[in-house]
Amino acid sequence: MCLAIPGKIESITNNELLQRTGKVNFGGIIKEINLSYVPEATVDDFVIVHVGFAISTVDKDEANRVFEYLKEMEELKELNESNE
Amino acid sequence: MKYIDEYRDAKRAKQLSKKIFEITTRTWSLMEICGGQTHAIVKFGIDELLPKEISLVHGPGCPVCVTPVELIEKSITLASRNDVILCSFGDMLRVPGKEKDLLAVKASGGDVRIVYSPMDAVKIAAEHPSKNVVFFAVGFETTAPANAMAVFQAKLQNIANFSMLVSHVLVPPAMEAILSSSQNTVQGFLAAGHVCTVMGFEEYIPLAKKYNVPIVVTGFEPLDILQGILMCVKQLEEQRAEVENQYSRSVKSKGNIPAQELMRKVFEIVPRKWRGIGEIPASGLGLKKEYAMFDAEKIFELKNIVVNESETCIAGLVLQGVKKPNECSAFGTVCTPEHPLGAPMVSSEGACAAYFHFRRIAV
């Protein structure tokens, strides 16, 4: 039920307060989504969408955190191995 | 799809799994709150990537599953009326009431419509002014802003034939009910990423402190869940009990403030009955006085419908993490997704349905 999926904003179709909507692309499927709760989101931003409403804008830097952590782990391992 | 595929990378999943093996020194029992996480764990076999010391307990985070049979019966009563169009998310249609489900009402001529968004129900109401259009509003905090907007817009646009049968529930009171139970075995939580996207995670800090339990806000893809488990086990091993945020690409500490503002405008905190658990104080949302004219329970005088839960179904114990679905005598025999006894076998997020679809060989 709390399923929400990321999609990319293609265009803003209504920019009025509490009625903000836009076309959002989910891997090729485009749907009209309510953007009232993400006033900061603009075209090309990714938003997380639940029952027709965007509930957050994906933070690009934070999205990389897990990959950076894994990369660091790998580098650390290589460093340890070369020291042995 | 971007922000999904890269979080399903097998090589990286194994790296995280290896790290979890490295840091685990004793047995730990973790609960994932959200049914979406339960499905990802069982579907991708994440539990099989963990050391045997770590057990995952499935939580109550499936709104369809925790909706009491009484509310299902109320929706059936409404849908059976000639002057009502009942709109609902698809999951609710197969949940058994006292004698039948909403799908059976639809088959015998009731106007029951599956909608994608509560705003679709408002649109249907505007298009059918001679009918009462009732939206069956179930959900956790994630869904509340969308449902609040539907009521807010109905009032603004003066759509008086729209109303809501509200069964909204909140996560922190359910966690507290689990933690304060004498049967509790949970030592750490993976909190629900989308609930926290809306609400933030500051309200979990007092829970972590009071019960000395680590809480890690976690996403829904395999790498998210593995990293959430890693963070939670690391806290347990280091004897810390803090609130941490794994799902930071979507969750901010204060959550989505415009969404919370509209929620507070339309809804207030009320006591709610949970299936198999009973009433929990201050654990749900109901419509505020200013929006009482949109409350289907008041409009149609549904207050006096009382129904008891099935005796065979152990949904309550499954939802509290006390029993696993395959420990139920009805599992996969009397109770299947085609002929469910309880909601956890129906919902696409229910723990019983997850075990039935992905774990039949093991049963």
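Please refer to the structure higher up on the page.
An account of the accompanying structure is given in this report. All of these numbers come straight from a predicted model, not from anything done at the bench.

### Description of the overall build of chain B
Working step 1: A count of helical and extended segments in chain B gives 15 helices and 11 strands.
Working step 2: In terms of principal-axis extent, the alpha carbons of chain B reach across some 65 × 45 × 40 Å.
Working step 3: Looking at chain B residue by residue over its 363 residues, the buried ones come to 55%.
Working step 4: Taking all contacts inside chain B whose residues are at least 6 apart in sequence as the whole, residues at least 24 apart take part in 77%.

### Focus: the packing of helix H7 (residues 144–156) of chain B against helix H12 (residues 257–266) of chain B
Residue and element names in this part refer to chain B.
Working step 1: In the contact formed by H7 and H12, the axes pass within 9 Å of each other and the chain directions differ by 55°. It follows from the interaxial angle that H7 and H12 lie oblique. Relative to H12, H7 is oriented so that their crossing is left-handed. From H7, Ala144, Pro145, Ala148, Met149, Val151 and Phe152 reach across to H12, where they touch Ala259, Leu262, Met263, Lys265 and Val266.

### What about the sheet that holds strand E1 (residues 28–34) of chain B?
Residue and element names in this part refer to chain B.
Working step 1: Spatially, 5 strands are ordered E2-E1-E7-E8-E9 in an open sheet, and the strand pairing comes out parallel. On the outer flanks of this sheet lie strand E2 (54–61) and strand E9 (243–245), each paired with one strand and no other. Strand-to-strand, the axes of this sheet are offset by a mean angle of 25°, without reference to chain direction.
Working step 2: Pairing analysis gives 6 bridges linking E1 to E2, with the strands arranged parallel. Bridge pairing in E2 links Leu30 to Leu56.
Working step 3: Set on the sheet, helix H2 (residues 35–44) makes contact with E1, E2, strand E7 (188–192) and strand E8 (215–218); between it and E1 the angle comes to about 120°.

### Some words on the environment of Gln246 of chain B
All names here are of chain B.
Working step 1: Within the secondary structure, Gln246 is located in the loop between E9 and H12.
Working step 2: Taking the C-alpha atoms as reference points, Gln246 and Leu190, separated by 56 residues in sequence, lie 9.4 Å from one another.
Working step 3: The residues contacting Gln246, other than those within four sequence positions of it, are Val216, Val217, Thr218, Gly219, Asp224, Gln227, Gly228 and Met231.

### Some points on the environment of Lys23 of chain A
Residues and elements named next belong to chain A.
Working step 1: Position of Lys23 among the secondary structure elements: in strand E2 (residues 21–26).
Working step 2: With 16 C-beta atoms packed within 10 Å, Lys23 lands in the partly exposed category.
Working step 3: Sequence spacing of Lys23 and Ser11 is 12 residues, and the spatial spacing of their C-alpha atoms is 5.3 Å.
Working step 4: If sequence neighbours within four positions are ignored, Lys23 has contacts with Glu10, Ser11, Thr13, Ile30 and Glu32.

Calculation rules
- Residues numbered from 1 in each chain as written.
- Chains lettered and ligands numbered in written order.
- Predicted model: local features only at pLDDT ≥ 70, side-chain atom pairs only at ≥ 80, totals over all residues.
- Helix = DSSP H or I, 4+ residues; strand = E, 2+ residues; numbered from the N terminus.
- Buried ≥ 20, exposed ≤ 12 C-beta atoms within 10 Å, placed from the backbone.
- Contact = placed C-beta atoms within 7 Å.
- Axes fitted to C-alpha atoms, helices over the stretch in contact; angles between N-to-C directions.
- Parallel < 35°, antiparallel > 145°, perpendicular 65-115°, else oblique.
- Left-handed = near helix turned anticlockwise from the far one by under 90°.
- Pairing = 2+ DSSP bridges.

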